[in-house]
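Given next are the chains, with one letter for each unit.
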Amino acid sequence: MGYQLAKTEAEKLLHQWTRQYDVFAPMRMEGEGCFSDTDIIRYGKVTKLDDIVWDQKSDYSFKEVLLAINETLFYFTEDQTTVPKGPEKDILIFLRSCDLHGVKRLDEIYLRNGFEDFYYGRVRERAKFILMGCPKTCASGFCVSMGTNRCENYDAYLKLDGEWAYLDVRDEELEGFLKCQAGGAEEKPASGRISAAAQLIVTPDFAEENKEKVTLPKHLSNESFTKEIWKEYGSRCIGCGRCNFVCPTCTCFTMQDIFYRDNPKVGERRRVWASCQVDGYTDMAGGHGYRKSQGDRMRFKVMHKIYDYEKRFGYPMCVGCGRCDDVCPEYISYSNCVNRLAKEESEV
């Protein structure tokens, strides 16, 4: 159901949400960029609407809320293991349409990929999603090309316009917080109640056209894996892995066993984000490795996003957010690489 209410009342609503939920949204973290005088926009806990960055795409995705960068799976002693508790509160995540499509990709890998991942599952089942609109396209995104610019599976949509807020609430629990009378309330509201909200039809803002456009290859062949462009891109890639870490759909991790100094038989096992672009990620016992060159790693990443994953699940893994293009220190464009693949395939 759609609502219009004053921004002050929307602040009150958010305050009510924070009592039951940990609310995460993109926020500006001053001085925490690559250099001491630069900022970064990434996800953190918010308590006010003005904490949220509404007019810029976040540098990092929502992924670190559902899938911790560094997560302890269990603690161990000489004779027993203990699994840490899950989140203490339910979770609300503000995100845009492309990222909400990213949630679907994470669910596919961690919940429906042969078995359900316990750690991801217990966080995911407690999460609800608040859609943030995109009245215009970001500079590097190509969500329209990927079909991820629009979505329907949000729990609520929230838009600020000056001193007014507009909501489309689809989740019954979230709508229960809007204790108001449509069109305004005559009586004095109880403490913490939303005093006035007009009911109306609220439609999310979706980007209808991107500056960046991508054409997916229609018929990739085995020859695509041996093209010269992989050597070209590999010669430029420095294997830093930044593209994987900002991506909302990359799911690779590695394992670490930490042994405590005071007793080397006691410690913890951690799951830590990893990157298929980093040297050593595919190394095995005996010094063997699947992908030795940087070109092979670049090929694996791109083909997995638009070929391997789609072959298995029926749609591309990439959601077109453009963060990988934004973050690459060597200015390697994933979107340009895909377009080149499509052009070369059409010429065969």
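Our subject is the structure that appears above.
Definitions and limits used
Residues numbered from 1 in each chain as written. Predicted model: local features only at pLDDT ≥ 70, side-chain atom pairs only at ≥ 80, totals over all residues. Heavy atoms only, no water. Salt bridge = Lys/Arg side-chain N within 4 Å of Asp/Glu carboxyl O. Helix = DSSP H or I, 4+ residues; strand = E, 2+ residues; numbered from the N terminus. Buried < 20%, exposed > 50% of the residue type's maximum accessible area, 1.4 Å probe, protein only. Axes fitted to C-alpha atoms, helices over the stretch in contact; angles between N-to-C directions. Parallel < 35°, antiparallel > 145°, perpendicular 65-115°, else oblique. Left-handed = near helix turned anticlockwise from the far one by under 90°. Contact = heavy atoms within 4.5 Å. Nonpolar A, V, L, I, M, F, W, Y, C, P; charged D, E, K, R; others polar. Polar contact = N/O pair within 3.5 Å; in protein donor to acceptor, adjacent residues only side chain to side chain. Core = buried A, V, L, I, M, F, W, Y, C linked by side-chain atoms within 4.5 Å. Phe/Tyr/Trp six-rings, centres within 6.5 Å; stacked < 30°, edge-to-face > 60°. Lys NZ or Arg CZ within 6 Å of the ring centre and 35° of its normal. Pairing = 2+ DSSP bridges.

Trainee: Would you mind showing me how to read the pattern of salt bridges here?
Mentor: Pairing between side chains of opposite charge can happen when their charged atoms approach one another. According to the stated counting rule, one finds 28 salt bridges in the structure shown. Ionic pairing is found between Lys 227 and Glu 345, a salt bridge with its closest N-O pair at 4.0 Å. With Lys 227 in the loop between strand S10 (198-199) and helix H7 (229-236) and Glu 345 in helix H11 (residues 334-347), the pair connects residues that are 118 residues apart, well separated along the chain. Each member of the pair, Lys 227 as well as Glu 345, is classed as buried. Of the charged contacts, one joins Arg 340 and Glu 232 as a salt bridge, the two residues approaching to 3.0 Å between their closest N and O atoms.

Trainee: Any chance you could explain the packing of H7 against H11 here in plain terms?
Mentor: A pair of packed helices is characterised by two quantities: the angle between their axes and the separation of those axes. Running from N to C, H7 and H11 cross one another at 165°; their axes reach a closest spacing of 12 Å. The orientation of H7 with respect to H11, classified from their angle, is roughly antiparallel. The handedness of the crossing between H7 and H11 comes out as right-handed. Counting all contacts with H7, which are made through Ile 229, Trp 230, Glu 232 and Tyr 233, the residues of H11 involved are Asn 336, Cys 337, Arg 340, Leu 341 and Glu 344.

Trainee: Mind showing me how you'd approach the packing of helix H9 (residues 294-313) against H11 here?
Mentor: Packing of H9 against H11 brings their axes to within 11 Å, and their N-to-C directions diverge by 75°. When the axis of H9 is compared with that of H11, the two are roughly perpendicular. Residue-level inspection shows Met 298, Val 302, Met 303, Lys 305 and Ile 306 of H9 in contact with H11, the latter providing Tyr 334, Cys 337, Val 338 and Leu 341. Of the residues assigned to the contact of H9 with H11, the class counts are eight nonpolar, no polar and one charged.

Trainee: Where do I start with the side chain of Glu 268 in this structure?
Mentor: Looking at the secondary structure, you find Glu 268 in strand S12 (residues 267-273). A relative accessible area of 7% means that Glu 268 is categorised as buried. A polar contact of 2.8 Å, which involves the side chain of Glu 268, links it to the side chain of Thr 72.

Trainee: Sorry, what's going on with the nonpolar core here?
Mentor: Side chains of a nonpolar character, in soluble globular proteins, are inclined to be buried together. Of all hydrophobic cores here, the largest spans 28 residues; its most connected members are Phe 62, Leu 66, Ile 93 and Phe 129. A total of five residues in this core trace back to one element, the largest contributor, which is helix H3 (residues 97-111). Leaving out residues up to four positions away in the same chain, Phe 62 has contacts with Tyr 43, Ile 93, Leu 95, Asp 99, Gly 102, Val 103, Leu 106 and Pro 248. If you look at the next biggest cluster of nonpolar residues, it comprises 27 residues, including Leu 14, Tyr 21, Met 132 and Leu 174.

Trainee: Looking at this structure, how should I read the packing of aromatic side chains?
Mentor: For any pair of aromatic rings, the description consists of the separation of the ring centres together with the inter-plane angle of the planes. In this structure the tally under the stated criterion is eleven aromatic pairs. Measuring from ring centre to ring centre gives 5.7 Å for Phe 225 and Tyr 307, while their planes differ by 75°; the resulting arrangement is edge-to-face. Linking Phe 225 in the loop between S10 and H7 with Tyr 307 in helix H9, this pair joins segments that are 82 residues apart in sequence. Using a relative accessible area of 26% as the deciding quantity, one classes Phe 225 as partly exposed. Ring pairs connect the aromatic residues Phe 74, Phe 76 and Phe 259, which therefore count as one cluster. Positioned above the aromatic ring of Trp 273, the side-chain terminus of Lys 63 is 4.5 Å from the ring centre. A cation over an aromatic ring shows up here: Arg 271 above the ring of Phe 253, its NZ or CZ 4.9 Å from the ring centre.

Trainee: Would you mind going over the side chain of His 101 with me for this structure?
Mentor: Relative to the elements of secondary structure, His 101 occurs in helix H3. Residue class for His 101 comes out buried when judged on its relative accessible area of 17%. A polar contact of 2.7 Å, which involves the side chain of His 101, links it to the backbone oxygen of Arg 150. The contact partners of His 101, leaving out residues within four places of it in the chain, are Gly 147, Thr 148, Arg 150, Cys 151 and Val 319.

Trainee: Quick question: what am I supposed to make of the sheet that holds S10 here?
Mentor: Picture the strands of a sheet paired through backbone hydrogen bonds; they go either parallel or antiparallel. On the basis of which strands lie adjacent, the open sheet formed by eight strands has the order S3-S2-S6-S7-S8-S9-S1-S10 and mixed pairing. Edge positions in the sheet fall to strand S3 (40-45) and S10, since each has one partner strand and no second. When strand S1 (residues 2-6) meets S10, the two strands line up antiparallel, connected through two bridges. Bridging across to S10, Gln 4 finds its partner in Ala 198. Contacting S1, strand S2 (21-29), strand S6 (90-95), strand S7 (127-131), strand S8 (156-161) and strand S9 (164-169), helix H1 (residues 7-20) crosses the sheet at an angle of about 120° to S2. Sitting on the sheet, H3 is in contact with S3, S6 and S7, with an inclination near 135° to S6.

So far we have only geometry, and geometry alone does not tell us how the molecule works.
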